[in-house]
Structures are given as C-alpha cells and as structure tokens.
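One letter stands for each residue in the lines below.
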Amino acid sequence: MPRDVSTPAGARAVTAVAPAKINLHLGVGDLRADGFHDLLTVYRAVDLWERVTVALVDGDDADDDEVVVTGPGADQVPTDRTNLAARAVDLLRSEAGTDARLSIRIVKGVPVAGGMAGGSADAAAALVATDRLLGLGLGRAALEERAARLGSDVPFCIRGGTALGTGRGETLAPLLHARAEQHLVVALADDGLSTPVVFAELDRLRAEPGGARELPRAGGVEPLVEALAGDDPARVAGVLANDLEPAALSLMPALRRTLRAGAEAGALRGMVSGSGPTCLFFCADREQAIAVAAEVSETGVAREVRLTRGPVAGAHVIDNPQQTPEQ
Ligand code: C5P
C-alpha cells in the first residue's frame, strides 16, 4: 500500500537550499579499481546557494514529475531523471514506498560544471526537501548515507561548514574549530570542465615521463588544520593545495591568465576550484575581495566575477522560498 504522503508534514511543497563547496586542500591519490581516486580533502561551504523546491503534483496535473531549471547556466543542466536532484527524489520516493508524483524546481546559484559542486548541492537540497515533504524523518546521518550513493560531494553539501573528507570524499569529519570568516572572489570561466575528464588528465600527466616528479602531491592537512584554528587569512592562504589544478590548467591553459589577473590584483592566493574551471582568489578581508573582484572583472579574463565567503551552513529547509539562507 502506498503511504498517504499528503498528511505527515501537511505541506504540498518544500524548498531547501544547499551551498557550493570549495576545497581548501585537495590531495588526490591513485586511481582505484572502482574508477574513483582516494582523496584527502578539506571542504568548506561558501555562500553561493542552490535552491530546490519539491512539490506534490495532483494526479491529473500535466507537469507530473517535471524538472525545471532556471538561473545562470540552466540550459546546460539535464531535465530528465539523470538530473542529480531527480535521482535524489526518486531514491527517497522509492524508500517511502509511494508513487506520489513530485515536481522539482531548481534555481541555480552555483556555477554549472565549475568545480564547486553545483549538481551535488542540487542533490543535497532535494534530499532534505523530499525527506521533509514525504515525512520520512531521516536524520542527518541517514541522509548523508543516501547522499554518498548519489555523488562524492553530496554528503558535504548536506553537512556544510568546514570538514575533512576522505575515501572518495564522502567520509566526513567536521573541523569545528575552523570558524574564522574567509573572504574570496570566484571567477567563472566561459566553459565548464567535466570532473571525470580532469581526474583522467591528472592520471595521464602523472604517468608521463617525469610526471611524478613534476607533479608533487599535496602533503598532509596538518598545516592547514592548524592555520584554520587561527584568524590569519595569509597563513591559511599559504597552505592551500589542489592536486587537480595542473590537470585543469592542462585542459584549459587560458586559466593561467585568470590566475595571473588575481595575483596582479593583490589576492593572497589564487587557485583553481576543485576540478575547475572556476578560479578562486583568497583575500585578507572583504575590502580586499571587493577590490580584487573589480580588478579581475576589468581585465575581462572571466565570464563573471562574484564575491563570496565561508564557512556557511549545509543544506536546510527554508520556510519562505524568497528567504536568504542561514549563514
Ligand atoms: O562522485 P561523483 O559522481 O561526483 O564523481 C564524478 C566523477 O569524478 C567520477 O565518476 C570519477 O571519474 C571522478 N572522481 C574520482 N575520484 C573521486 C571523486 C570523483 O575519480 N574521489
């Protein structure tokens, strides 16, 4: 018997938001037999948000099970059941044992294919919204377990804050002491980069003669974890690492110009975000971030430049779909 899903929460639609992630440290190990790489990473949630509304659709309504995506880059996001938010909804719907028809509306606030986990944030927000809508009452640990089945970064998009990630990135340990606010500039590229292609490029570069020597691997996270306990942005900037950066630069050499523009603008440190091609510029404070954003924007190297900051909260339901997410 399908459950009556219209009663538990009393709601007909639930909206949840989930943040973008950056990797302050991204150490990539060797390719595993399952096609993933072992990671040692420090994730941080930043205040760029995906907004996902999941709604019960009446039986005779034509827009049953539809996925509608709006916002920057929406035309590059699939609207069939391969959409990561749709996969999240389908997972919980089958777990609830219901055939309720659910529509999904996604408002993009995170760059598409930009190395900031926009698709993973959609899945995280969809899990949180569907859990509430169907009255499943899954706790955070159970939601993160479902999240890990959908993608390596999805559990962190639920968790938020700052966390150490191991395994393929899905095993999390919170870094509760890392509370100092960090201001940064996000420079978006014209095109996206595919995450699997960037990982494969790193494997290829490492296998080249001399590759292992030319691409030293990011070491341990201890210096970063220690720096995050303080409030010196320059110290944190000095110990950031991203093993995927050479691979992203190899696939998109123009990113070097973007990184140079940020350095010339006085940022403490420029770095490719995750698998790229978004570039991040870490700044001393908000004033510097505003100045760096203006200067990088003026050089024309980026499609768009945004200010952001972290850490912020993970995925959560919002009562009013227009509401600003919790910080
Ligand atoms: O987990 P997710 O679906 O986000 O991963 C996308 C792709 O990125 C994987 O199919 C894999 O090619 C690559 N990846 C990896 N090692 C990881 C995470 C992702 O090789 N730890």
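Small disclaimer: the values here were computed from a predicted structure and weren't measured. (Residues numbered from 1 in each chain as written. Predicted model: local features only at pLDDT ≥ 70, side-chain atom pairs only at ≥ 80, totals over all residues. Heavy atoms only, no water.)

### Points about the pairing of strand β4 (residues 102-107)
Regular strands place their side chains on alternate faces of the sheet. Sheet topology places strand β2 (residues 37-56) next to β4; six bridges connect them, and they run antiparallel. Considered in β4, the bridge of Ala 55 is made with Ser 103. In this sheet, β4 lies alongside strand β3 (residues 67-70) in parallel orientation, the contact comprising four bridges. Bridged to Thr 70 within β4 is Val 107. (Pairing = 2+ DSSP bridges. Helix = DSSP H or I, 4+ residues; strand = E, 2+ residues; numbered from the N terminus.)

### Digging into the packing of helix α1 (residues 84-96) against helix α3 (residues 140-150)
Two elements in contact, α1 and α3, have axes whose closest approach is 10 Å; the angle formed by their N-to-C orientations is 130°. Looking at the two axes, α1 sits oblique to α3. The handedness of the crossing between α1 and α3 is right-handed. Along the contact surface, α1 presents Leu 84, Arg 87, Ala 88, Leu 91, Leu 92 and Glu 95, while α3 presents Leu 143, Arg 146, Arg 149 and Leu 150. Across the contact of α1 with α3, the residue classes break down as six nonpolar, no polar and four charged. (Axes fitted to C-alpha atoms, helices over the stretch in contact; angles between N-to-C directions. Parallel < 35°, antiparallel > 145°, perpendicular 65-115°, else oblique. Left-handed = near helix turned anticlockwise from the far one by under 90°. Contact = heavy atoms within 4.5 Å. Nonpolar A, V, L, I, M, F, W, Y, C, P; charged D, E, K, R; others polar.)

### Regarding the packing of aromatic side chains
Counting across every chain of the model gives one aromatic pair. Aromatic pair Tyr 43 and Phe 156: ring centres 4.6 Å apart, planes at 10°, arrangement stacked. One end of the pair, Tyr 43, is in strand β2; the other, Phe 156, is in helix α4 (residues 154-159), and 113 residues separate them in sequence. Tyr 43 gets classed as buried once you look at its relative accessible area, which sits at 0%. The side chain of Arg 168 reaches across the aromatic face of Phe 36, ending 5.0 Å from its centre. (Phe/Tyr/Trp six-rings, centres within 6.5 Å; stacked < 30°, edge-to-face > 60°. Buried < 20%, exposed > 50% of the residue type's maximum accessible area, 1.4 Å probe, protein only. Lys NZ or Arg CZ within 6 Å of the ring centre and 35° of its normal.)

### Digging into the site of the ligand
Neighbouring the ligand are the residues Gly 35, Phe 36, His 37, Leu 39, Gly 151, Ser 152, Arg 168, Thr 195, Pro 196 and Phe 199. Take His 37: an N or O atom from its side chain is 2.6 Å from an oxygen atom of the ligand. Within the backbone of Arg 168, a nitrogen or oxygen atom sits 3.0 Å from a nitrogen atom of the ligand. Elements with a minimum of two residues in the shell around the ligand: β2 and α5 (195-207). Here the shell around the ligand gets three residues from one element, more than from any other, and that element is α5. The residue makeup of the shell around the ligand, split by class, is four nonpolar, five polar and one charged. (Near = heavy atom within 4 Å. Polar contact = N/O pair within 3.5 Å; in protein donor to acceptor, adjacent residues only side chain to side chain.)

### Let's talk about the nonpolar core
With 43 residues, the main nonpolar core has Ile 104 and Leu 127 as its most contacted residues. Mapped onto this core, the elements with two or more residues apiece are β1 (13-31), β2, β3, α1, β4, α2 (118-133), α3 and α4. Among the elements that line this core, the one with the most residues is α2, at nine residues. Leu 39, Val 185, Leu 205 and Ala 247 belong to the second largest nonpolar core, which has 30 residues in total. (Core = buried A, V, L, I, M, F, W, Y, C linked by side-chain atoms within 4.5 Å.)

### Structural notes on the sheet that holds strand β10 (residues 279-283)
In spatial order, the strands read β9-β10-β7-β11; together these four strands make up an open sheet with antiparallel pairing. Of all strands in the sheet, those with a lone pairing partner are β9 (269-272) and β11 (304-310), marking the two edges. Neighbour-to-neighbour, the strand axes of the sheet open up by a mean angle of 25°, direction not taken into account. As judged from the seven bridges shared by strand β7 (residues 182-188) and β11, these two strands associate in the antiparallel manner. Bridge pairing in β11 links Leu 188 to Glu 304. Along the sheet, helix α10 (residues 255-264) makes contact with β7, β9 and β10, crossing β10 at roughly 15°. Across the sheet, helix α11 (residues 286-299) is in contact with β7, β10 and β11; its angle to β11 comes to roughly 165°.

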